[in-house]
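An overview of the molecular structure
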Amino acid sequence: MPTKLEIKDLCKGFTSLRSEQSLPVFSGLELRVAENEFICIVGPSGCGKTTFLRILDGLIPFDSGEILLDGQRVIKPGIDKGFVFQDSSLLPWRTVVDNIILGLELHGTPRREARARARHYVELVGLRGFENHYPYELSGGMQQRVNLARALIIEPQVLLMDEPFASLDAQTREIMQLELLKTWGGTRKTVLFVTHQIEEAVYLADRVVVFSSRPATIKAEIPIELTRPRPLAVKRSPQFLAYIDRIWSMIEAEVRRSMLEQPGAEV
Amino acid sequence: MPDHASRVPAPAPLSLAAGSGARSRRRARRRPLGRAWSEALKGGASIAGGIVLWQLVFDLFIKHSIFVASPAQIVRAFLLLAPSGELWLHLRTSGVEFLNGYLLAVAVGIPVGALMVANARLNNWLTPWIAFIYSTPRVAVAPLLIVWFGIGLWSKALIVFLGAVFPVILNTYTGVTQVPLNYLEVVRSLGGSRPQLFIKVLLPAALPTIMTGLRLAVGRGVIGVVVAEWYGANAGLGYLVYFSAQVFQPAPIYLAIFFLVLFGYGAFALLGFVQRRLAPWHTQRLEAS
Ligand SMILES: Nc1ncnc2c1ncn2[C@@H]1O[C@H](COP(=O)(O)OP(=O)(O)O)[C@@H](O)[C@H]1O
Ligand SMILES: [Mg+2]
């Protein structure tokens, strides 16, 4: 598999207002993502997962290192990367379909053409009949599907997903995981999916990347050799549970470490 | 308060099943309309009762006054002023003054408020001026403005403008600064430009707050018209008030007040309607939750 995305020696710090010195989030992070690979990133809360995706998207700058997408440097946000945000980031004054076509609209696609193209994605995420609803008329799961469709319609090279299902209830979450894999099976994008649920990571990923606590380095990369398509029942297989145990023990150590270092920090 | 509990609407059925959204929305809209009618009827009856009482008190106790007019006298003043076209002249004069000043305030206030968010230096530079001019009583500077700009339309429009522009600026500013950052991030992530951030996110998100500013500006603009015409005019509702007071004729004053209230209330209600139309998500989100 050719390399799609390459992160070399990434360093990034945030300057805290109080100490006026830069506290590192990443110091020398390296990651290579193959074409069409589904990567899940897990790690303790506050280790820099969101920051990592935001840097990859070009939303925030980094201090040093290199990020190459198809061999090209990533400098700014654009439709070559699709971002699915953690909390509902739908624009409340736009209907479902108008939220989905936002990216096309920003790049000058005529509205009619954009709406025609949206039909396919509305279908893909199972929202037919809801095109003209406003976000407040949708359940949380439906809103996240709109978020997904909005990122897919621009046909990005990479899909960056930041805990997209974190706020959903358990059942909806499982259905969304299943549907995400189905959608991904059809479009075969390179995906970086951040989650704090190990079970979700193992179910979705080709490879699970475990971040250490801040400053984050890659603590482990675990290829998941479960066959696809994966029915939800796979979550009860011994092989699946063995992956969970393995990754959980790694994270547990990290979480304990970060708790000791920052007393009172949420986990 | 009569039977307050029965006016609280029953909770709307919450359903997200396909197709039912539109139906329940329509139903939710129809019901308050019936309630609005019956409330308008009650309100109308209450006002009619008040007018009758007013006339009775006047006929029984006051009979004759240079300070108070009875409803019948006001109607008589109307019948006197309307056919000659004089009333229309006052209405039109004040209306044109108001509209010019108000529209100018909107045209200036929204861009200024928005630019103050976009440009920190402009903000720092303008804020003291805004605080300063806003705190200056218009009643005090109106005579100066009339001396400077003459007794024609533009001195009046300017006084209206000075009253109306600040609610527009401040509400636009507040509305734009309160836009959730993640909306901006979405557009940025999709490669949107800075002007697009403004047009596609900041303005629509701030629209309900801006509309509130436009509504608040109506009242201040109406006051501006009246004050401006007191200091020098030869037509207009404010002039009618001033002139009638000079000649101890209370009835036309009441007539002018009536039309000022009618106009202010009408514009306020109209903008409220436009606000609900332009930002249905805003009111309906509140209803749904
Ligand atoms: N804009 C910012 N300024 C300063 N510190 C930040 C900023 N954004 C995130 N951080 C800090 O960087 C660390 C990583 O944050 P984040 O990427 O959101 O973590 P995660 O998504 O893994 O929970 C946290 O300690 C957080 O406090
Ligand atoms: Mg996060």
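The written sequence of each chain sets the order in which its residues are numbered from 1. Key to labels: chains lettered from A, ligands numbered from 1, both in the order written. Since the coordinates come from a predicted model, pLDDT governs what is reported: local features require at least 70, and pairs of side-chain atoms require 80 or more to be given and counted, while whole-chain, interface and lining totals use all residues. In computing side-chain values, all of the structure's heavy atoms are included and hydrogens and water are not.

Another point: the pattern of salt bridges. Residue and element names in this part refer to chain A. Criterion for a salt bridge: a side-chain nitrogen of Lys or Arg within 4 Å of a carboxyl oxygen of Asp or Glu. The full count for this structure, using the stated rule, is 22 salt bridges over all chains. Residue Glu-37 pairs with Arg-207 through a salt bridge whose shortest N-O separation is 2.7 Å. Of the two residues, Glu-37 is situated in the loop between strand S2 (22-34) and strand S3 (38-42) and Arg-207 in strand S9 (residues 207-211); the sequence distance between them amounts to 170 residues. Only protein chains enter the accessibility calculation, which uses a 1.4 Å probe; a residue whose area is less than 20% of its type maximum is buried, one above 50% is exposed, and one in between is partly exposed. Its relative accessible area of 12% is what places Arg-207 among the buried residues. One salt bridge connects Arg-207 with Glu-221, and the closest N-O pair in it is separated by 2.2 Å. Here Arg-207, found in strand S9, pairs with Glu-221, found in strand S10 (residues 218-223); they are 14 residues apart in sequence, far enough to count as distant. Numbering of helices and strands runs from the N terminus, with a helix taken as a DSSP run of H or I at least four residues long and a strand as a DSSP run of E at least two residues long.

Another aspect to go through is the sheet that holds strand S8 (residues 190-194) of chain A. All names here are of chain A. Being paired, for any two strands, means DSSP has found at least two bridges between them. A sheet is described by the order of its strands in space; here 6 strands give the open sequence S6-S7-S8-S3-S9-S10, paired in mixed fashion. Only two strands of the sheet have a single partner each, and these edge strands are strand S6 (81-84) and S10. On average, adjacent strands in this sheet sit at an angle of 15° to one another, irrespective of strand direction. As judged from the 5 bridges shared by strand S7 (residues 158-162) and S8, these two strands associate in the parallel manner. Following the sheet pairing, Val-158 is matched in S8 by Thr-190. The contact definition used throughout considers only heavy atoms, calling two residues in contact when any of these lie within 4.5 Å. Here an axis means a line fitted to C-alpha atoms, over the contact stretch when the element is a helix, while the angle between two N-to-C directions is reported on a 0 to 180 degree scale. Where helix H5 (residues 140-152) meets the sheet, its contacts fall on S6 and S7, and the angle it forms with S6 comes to roughly 170°.

Right, let's get into the site of ligand 1. Residue and element names in this part refer to chain A. Here a residue is considered near a molecule or strand provided that any single heavy atom belonging to it is located within 4 Å of it. For ligand 1, the full set of nearby residues is Phe-14, Val-25, Ser-45, Gly-46, Cys-47, Gly-48, Lys-49, Thr-50, Thr-51 and Arg-214. Nitrogen and oxygen atoms within 3.5 Å of one another constitute a polar contact, given that in protein one can donate a hydrogen and the other can accept it, and given that sequence-neighbouring residues count only through two side-chain atoms. Interatomic distance of 2.5 Å between a side-chain N/O atom of Thr-51 and an oxygen atom of ligand 1. At 2.5 Å from an oxygen atom of ligand 1 is found a side-chain nitrogen or oxygen belonging to Arg-214. Against a free-state accessible area of 560 Å², the protein chains account for coverage of 59% of ligand 1. Ranked by residues supplied to the shell around ligand 1, first place goes to helix H1 (residues 49-57) with 3 residues. Across the shell around ligand 1, the residue classes tally to 3 nonpolar, 5 polar and 2 charged. Throughout, the Shrake-Rupley method with a 1.4 Å probe supplies accessible areas, and for residues the shown protein chains are the sole cover considered. Here the nonpolar group is Ala, Val, Leu, Ile, Met, Phe, Trp, Tyr, Cys and Pro; Asp, Glu, Lys and Arg are the charged ones; every other residue, Gly included, is treated as polar.

What follows covers the interface of chain A and chain B. Interface size is often expressed as the accessible area that is lost when the parts come together. Contacts between the two partners involve 31 residues from chain A, matched on the other side by 24 residues from chain B. Take the accessible area each of two parts loses on contact, using a 1.4 Å probe, and add the two losses: that sum is the buried area. Summed over both partners, the interface of chain A with chain B buries about 2,400 Å², with 64% contributed by carbon and sulfur atoms. Per-residue buried area on chain A facing chain B is highest for A:Trp93, A:Leu106 and A:Tyr136; these three make up 31% of the total on that side. A salt bridge links B:Lys200 to A:Glu105; its shortest N-O distance comes to 2.5 Å. If you look at where chain A meets chain B, you find 6 residue pairs in polar contact (both at pLDDT 80 or more). Elements represented by at least two residues in the side of chain A that touches chain B include exactly H1, S6 and helix H3 (102-106) of chain A. Looking at the side of chain A that touches chain B, the element that brings in the most residues is H3(A), giving 4 residues. Of the residues belonging to the side of chain A that touches chain B, the class tally is 16 nonpolar, 7 polar and 8 charged.

Moving on, we come to the nonpolar core. As a rule of thumb, soluble globular proteins bury nonpolar side chains together. Core analysis: the largest hydrophobic core is formed by 106 residues, its most contacted members being A:Phe52 and A:Leu192. Those residues within four positions of A:Leu192 in sequence are excluded, and the remaining contacts are A:Leu5, A:Leu31, A:Val33, A:Ile39, A:Ile41, A:Phe52, A:Leu53, A:Leu56, A:Val158, A:Leu159, A:Leu160 and A:Met161. In this structure, B:Ala69, B:Val160, B:Ile169 and B:Ile253 belong to the second largest nonpolar core, which totals 37 residues. We define the nonpolar core as a collection of buried residues of types Ala, Val, Leu, Ile, Met, Phe, Trp, Tyr and Cys that are connected through side-chain atoms lying within 4.5 Å of one another.

Attention now moves to unusual backbone geometry. Cis geometry is adopted by the peptide bond preceding A:Pro215, which originates at A:Arg214 and carries an omega value of -5°. Residue placement: A:Pro215 occurs in the loop between S9 and S10. Cis geometry is adopted by the peptide bond preceding A:Pro229, which originates at A:Arg228 and carries an omega value of -5°. The backbone phi angle of B:Lys63 is positive, close to 65°, even though this residue is not glycine. Note that B:Lys63 resides in the loop between helix H1 (20-62) and helix H2 (71-81).

Turning to the domain arrangement of chain B, a few remarks are in order. Considered domain by domain, chain B is made up of domain 1 (17-63) and domain 2 (70-288). Where a domain begins and ends is set by an automatic assignment or by a domain database. A separation of 27 Å is found between the C-alpha centroids of domain 1 of chain B and domain 2 of chain B.

Here we come to the sheet that holds strand S5 (residues 72-73) of chain A. Strand pairing in a sheet is mediated by backbone hydrogen bonds. Such pairs are either parallel or antiparallel. All names here are of chain A. The strand order across the open sheet formed by 4 strands is S2-S1-S4-S5, and the pairing between neighbours is antiparallel. Edge strands, defined here as strands with exactly one partner in the open sheet, are S2 and S5. In terms of strand pairing, strand S1 (residues 3-15) meets strand S4 (residues 64-69) through 5 bridges, oriented antiparallel. For Ile-7, the partnering residue across the bridge sits in S4 and is Ile-67. Running at roughly 120° to S1, H1 makes contact with S1, S2 and S4 of the sheet.

As a further point, take the packing of aromatic side chains. Residues and elements named next belong to chain B. Think of it this way: a Phe, Tyr or Trp ring, Trp meaning its six-membered ring, pairs with another when their centres are within 6.5 Å, and the plane angle makes it stacked under 30 degrees, edge-to-face over 60, tilted otherwise. One pass over the full model with this rule turns up 17 aromatic pairs over all chains. Measuring from ring centre to ring centre gives 5.8 Å for Trp-54 and Tyr-254, while their planes differ by 45°; the resulting arrangement is tilted. Taken together, the residues span a long stretch of sequence, with Trp-54 in helix H1 and Tyr-254 in helix H10 (residues 250-278) at a distance of 200 residues. For Trp-54, a relative accessible area of 31% translates into the label partly exposed.

What follows covers the packing of helix H3 (residues 86-118) of chain B against H10(B). All names here are of chain B. Running from amino to carboxyl end, H3 crosses H10 at an angle of 40°, the nearest separation of the two axes being 12 Å. Accordingly, the angle class assigned to the pair H3 and H10 is oblique. Crossing geometry of H3 relative to H10 is assigned as right-handed. Together, Leu-87, Leu-91, Phe-98 and Tyr-102 of H3 and Leu-255, Phe-259, Phe-263 and Leu-271 of H10 make up the contact between the two elements. Each angle gets one of four labels, with under 35 degrees taken as roughly parallel, over 145 as roughly antiparallel, 65 to 115 as roughly perpendicular, and the rest as oblique. Definitions for this section: a left-handed crossing has its near helix turned counterclockwise from the far helix by less than a right angle. A right-handed crossing has that turn clockwise.

Take the environment of A:Phe26 next. Residues and elements named next belong to chain A. With respect to the element layout, Phe-26 can be found in strand S2. When its relative accessible area of 1% is taken as the criterion, Phe-26 is described as buried. Sequence separation of Phe-26 and Ala-216 is 190 residues, and the distance between their C-alpha atoms is 5.2 Å. Ignoring any residue separated from it by four or fewer positions in sequence, one finds Phe-26 in contact with Leu-10, Cys-11, Lys-12, Cys-47, Gly-48, Thr-51, Phe-52, Ile-55, Phe-211 and Ala-216.

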